[in-house]
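Residue strings, one per chain:
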Amino acid sequence: CLRCPCGGEFAIFAGLGDLVDFVERFRFGPEEIAYLRQGPLASADPAFFDWLATVSFSSLRIWSLPEGSAAFPRVPLVRVEGPLAVAQLLETPLLYLLNFASLITTNAVRYRLAAGADKTLLEFGLRRAQDGVRASHYAYVGGFDGSSNVEVSEDLGIPPRGTMAHSFVSSFSSLEELRSRELVDEGGHARDFVDFALKYRKDLGWEQTNEGELAAFIAYAQAFPRGLVALVDTYETLKSGIPNFLIVALALGACGYRPLGIRIDSGDLSYLSLEGRRMFRETAAAAGQDWLARMTITVSNDINEETLWALRHQGHEIDAFGIGTHLVTCYGQPAFGGVYKLVSLDGQSRIKLSNEAAKITIPGRKEAYRLVRGDGKAFIDLMVAVGSLPPRAGERVLCRHPFEETTRVYVVPSEVMPLHELVWDGRRARQKSAPAAVRARVRDEIQLLRDDHLRPINPTPYKVSVTEELYAYLHSLWMQQAPIDVVK
């Protein structure tokens with residue numbers, strides 16, 4: 001990639017499992033060839049279609065960063081070697097599969113950093129996502145704790161997470177609409193649950209709350225006595241929603257159950273969470289039920305990264321965030337800037353030049369190493385020509401900026417981490433990593449980076465460098481290939 005998403009100084013590489021799955025099953029079938037023969041490529045040599053019928057990616061070798069790795073501009077995410085025509089066929093699917101996955105995973109990590117490690121993050125984006133299944137998957141990989149996407153939750157082996165809908169709450173208008181007044185308590189006895197609720201409603205002095213909303217909460221509690229998360233802002237959060245929830249929560253408690261908490265989907269989330277927690281605590285004290293004070297407060301309502309940082313600054317009592325649109329569409333940067341460039345052909349290096357140094361490719365086959373300082377933090381990524389001696393822990397190595405002649409530094413790394421591994425050698429060369437394993441790698445990679453590289457505003461640029469040998473070769477080839485103006 002040429003730059004990191006959202007003005008940041010890091011990206012997270014993801015989508016490798018999808019890429020290798022695609023490479024493994026890729027073939028041109030008779031129907032695809034017939035379509036090409038009759039339509040877009042009707043004038044092509046018939047021998048071309050015979051060749052297409054034989055094409056697979058068994059002639060390729062692919063090296064890659066491990067999925068879930070931190071990635072930085074210019075360091076290759078993958079290196080593809082093989083026949084040019086076959087490697088070119090892979091360009092578009094490779095970029096599609098890696099760019100979107102890396103974008104969503106990076107965005108999810110940024111949300112995790114903004115929310116804090118102690119908060120629960122729930123992905124609610126299926127209704128707005130361009131690719132909902134993959135967005136839900138990579139939000140989890142990037143650090144989200146759960147998803148309302150039931151299909152993806154099943155695939156990931158995690159319980160789906162969600163709450164009731166506004167339409168469910170507003171579908172009730174009175175207690176008379178309840179099909180039953182009873183709830184079977186933890187001991188197996190049928191109890192008049194509505195009577196419990198009305199008693200607490202009177203005792204707490206909340207008899208003016210919206211009755212339809214109260215009926216909705218009762219109906220939900222009857223269906224899911226161990227899973228009540230009430231949506232409390234359908235009518236009025238502080239005067240009706242939270243009081244009605246607390247009424248039903250106490251009734252559930254009398255039957256031996258514990259509700260989970262509330263969700264707030266509109267309004268001043270900081271203020272409402274603080275007031276909601278105050279009401280939890282006051283009701284807990286009045287009823288002698290300490291557990292009420294500890295119930296969770298979840299919020300949603302078009303939350304973005306900036307909202308999370310603002311809430312941390314303002315102070316709040318929020319336990320969990322449900323985040324959808326801004327996460328899965330990545331409002332901050334809707335595309336990941338990964339590119340696929342030719343760097344060597346028949347043993348001869350190739351270079352792409354540009355008036356912008358940032359778009360000049362570094363020629364030749366390269367490997368990369370992450371150099372770690374004595375404090376255990378990553379300091380610099382060093383690119384080395386394939387076949388050259390790699391850097392070694394405890395030994396001094398000169399690291400040069402690819403384009404700025406005077407920017408260079410000697411590094412004595414305490415640890416050297418090879419970044420590329422062979423993942424495809426005509427067939428799958430490594431077992432596919434489970435999503436939980438990729439998620440764990442993401443967490444470990446973030447711990448490896450300094451805080452100033454991770455901050456959202458004016459992050460410190462992470463250093464990416466080349467060896468002295470690669471620097472000299474790059475500039476020699478640059479001079480050879482760049483045209484020279486003639487001034488008359």
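An account of the accompanying structure is given in this report. (Residues numbered from 1 in each chain as written. Predicted model: local features only at pLDDT ≥ 70, side-chain atom pairs only at ≥ 80, totals over all residues. Heavy atoms only, no water.)

### Topic: unusual backbone geometry
Logical step 1: Despite not being glycine, Cys6 has its phi angle at roughly 60°, a positive value.
Logical step 2: The topology assignment puts Cys6 in the segment before strand S1 (11–12).
Logical step 3: For Arg74, which is not glycine, the phi dihedral falls at a positive 85°.
Logical step 4: Examined against the element boundaries, Arg74 turns out to sit in the loop between strand S3 (70–71) and strand S4 (78–81). (Helix = DSSP H or I, 4+ residues; strand = E, 2+ residues; numbered from the N terminus.)

### Considerations on helix H17 (residues 468–481)
Logical step 1: If you check H17, its first and last C-alpha atoms are 20 Å apart, about what 14 residues at 1.5 Å a residue would give, namely 20 Å.
Logical step 2: Every buried residue belonging to H17 is among Leu470, Tyr471, Leu474, His475, Leu477 and Trp478, and all of these are buried. Along the axis of H17, the buried positions cluster into a sector of 160°, meaning they face one direction only. Turned more than 90 degrees away from the buried face of H17 sit Glu469, Met479 and Gln480, all of them exposed.
Logical step 3: Buried residues along H17 sit against strand S14 (348–349), strand S15 (366–372), strand S16 (378–385), strand S17 (397–400) and strand S21 (463–466). (Expected span 1.5 Å × (residues − 1). Buried < 20%, exposed > 50% of the residue type's maximum accessible area, 1.4 Å probe, protein only. Arc of directions from axis to C-beta. Contact = heavy atoms within 4.5 Å.)

### Quick word on the pairing of strand S5 (residues 120–123)
Logical step 1: Where S5 and strand S12 (residues 320–323) come together, 4 bridges link them in parallel fashion. Within S12, the residue paired with Leu122 across the bridge is Gly322.
Logical step 2: One ladder, built from 2 bridges, connects S5 with strand S6 (residues 146–147); its direction is parallel. Directly across from Leu122, in S6, lies its bridge partner Gly146.
Logical step 3: Remark: the S5/helix H6 (residues 132–141)/S6 crossover connection has right-handed handedness. (Pairing = 2+ DSSP bridges. Right-handed = clockwise from strand over helix to strand, strands pointing away.)

### Points about the layout of surface pockets
Logical step 1: In this structure, the largest pocket occupies an estimated 980 Å³ of space.
Logical step 2: For the largest pocket, the lining is made up of 38 residues, of which Val78, Tyr340, Lys341, Leu342 and Val343 are closest to its centre.
Logical step 3: The residue makeup of the lining of the largest pocket, split by class, is 20 nonpolar, 8 polar and 10 charged.
Logical step 4: One number sums up the size of the second largest pocket: a volume of about 570 Å³.
Logical step 5: Around the second largest pocket, the lining is made up of 22 residues, and of these Phe124, Arg127, Arg263, Asp265 and Ser300 lie nearest the centre.
Logical step 6: When the residues that make up the lining of the second largest pocket are grouped by side-chain class, the tally is 6 nonpolar, 11 polar and 5 charged. (1 Å grid on protein atoms, 1.4 Å probe; cavity = no way out; pocket = protein on both sides within 12 Å on 5 of 7 lines; lining within 4 Å. Points joined across faces, edges and corners; volume = space filled by probe spheres on them. Nonpolar A, V, L, I, M, F, W, Y, C, P; charged D, E, K, R; others polar.)

### Considerations on the environment of Glu356
Logical step 1: Within the secondary structure, Glu356 is located in the loop between S14 and S15.
Logical step 2: Judged by its relative accessible area of 41%, Glu356 is partly exposed.
Logical step 3: Counting along the chain gives 216 residues from Glu356 to Tyr140, while the straight-line C-alpha distance between them is 36 Å.

### Concerning the pattern of salt bridges
Logical step 1: For the coordinates displayed, the defined rule picks out 28 salt bridges.
Logical step 2: Here Glu24 makes a salt bridge to Arg428, at a shortest N to O gap of 2.8 Å. Taken as a pair, Glu24 in helix H1 (residues 16–25) and Arg428 in the loop between strand S20 (421–425) and helix H15 (435–448) lie far apart in primary sequence, 404 residues in all.
Logical step 3: Take Arg428: its relative accessible area is 25%, and that puts it in the partly exposed class.
Logical step 4: A salt bridge links Lys119 to Asp118; the nearest nitrogen and oxygen atoms lie 3.9 Å apart.
Logical step 5: Assessed through its relative accessible area of 18%, Lys119 is described here as buried.
Logical step 6: By relative accessible area, Asp118 is classed as exposed at 62%.
Logical step 7: Through salt bridges with shared partners, a single ionic network connects Asp21, Glu24, Arg428 and Lys432. (Salt bridge = Lys/Arg side-chain N within 4 Å of Asp/Glu carboxyl O.)

### Section: the side chain of Asp131
Logical step 1: Examined against the element boundaries, Asp131 turns out to sit in the loop between S5 and H6.
Logical step 2: There is no salt bridge for the buried Asp131, and the closest opposite charge comes from Arg134, which lies 4.0 Å off by N-O distance.
Logical step 3: With sequence-adjacent residues up to four places away left out, Asp131 is seen in contact with Tyr96 and Phe100. (Lys, Arg positive; Asp, Glu negative; His and termini not counted.)

### Quick word on the nonpolar core
Logical step 1: Core analysis: the biggest nonpolar cluster contains 92 residues, and Phe193, Ile218, Leu228, Phe245, Val248, Phe321 and Ile323 have the highest contact counts within it.
Logical step 2: Filtering out sequence-adjacent residues up to four positions away, Phe193 remains in contact with Arg181, Glu182, Leu183, Ile218, Ala221, Gln222, Val248, Ala251, Leu252 and Cys255.
Logical step 3: In this structure, Phe13, Val20, Phe28 and Phe336 belong to the second largest nonpolar core, which totals 36 residues. (Core = buried A, V, L, I, M, F, W, Y, C linked by side-chain atoms within 4.5 Å.)

### Side note on the sheet that holds S4
Logical step 1: As summarised here, the arrangement of the 3 strands in space is S4-S2-S20, forming an open sheet in which the pairing is antiparallel. Every interior strand has two partners, whereas the edge strands, S4 and S20, have only one. In this sheet, neighbouring strand axes are inclined to one another by 20° on average, regardless of whether the strands run parallel or antiparallel.
Logical step 2: With 4 bridges connecting them, strand S2 (residues 61–64) and S20 associate as antiparallel partners. Its bridge partner lying in S20, Ile62 is registered against Trp424.
Logical step 3: Sitting on the sheet, H1 touches S2 and S20, and the angle it makes with S20 is about 25°. (Axes fitted to C-alpha atoms, helices over the stretch in contact; angles between N-to-C directions.)

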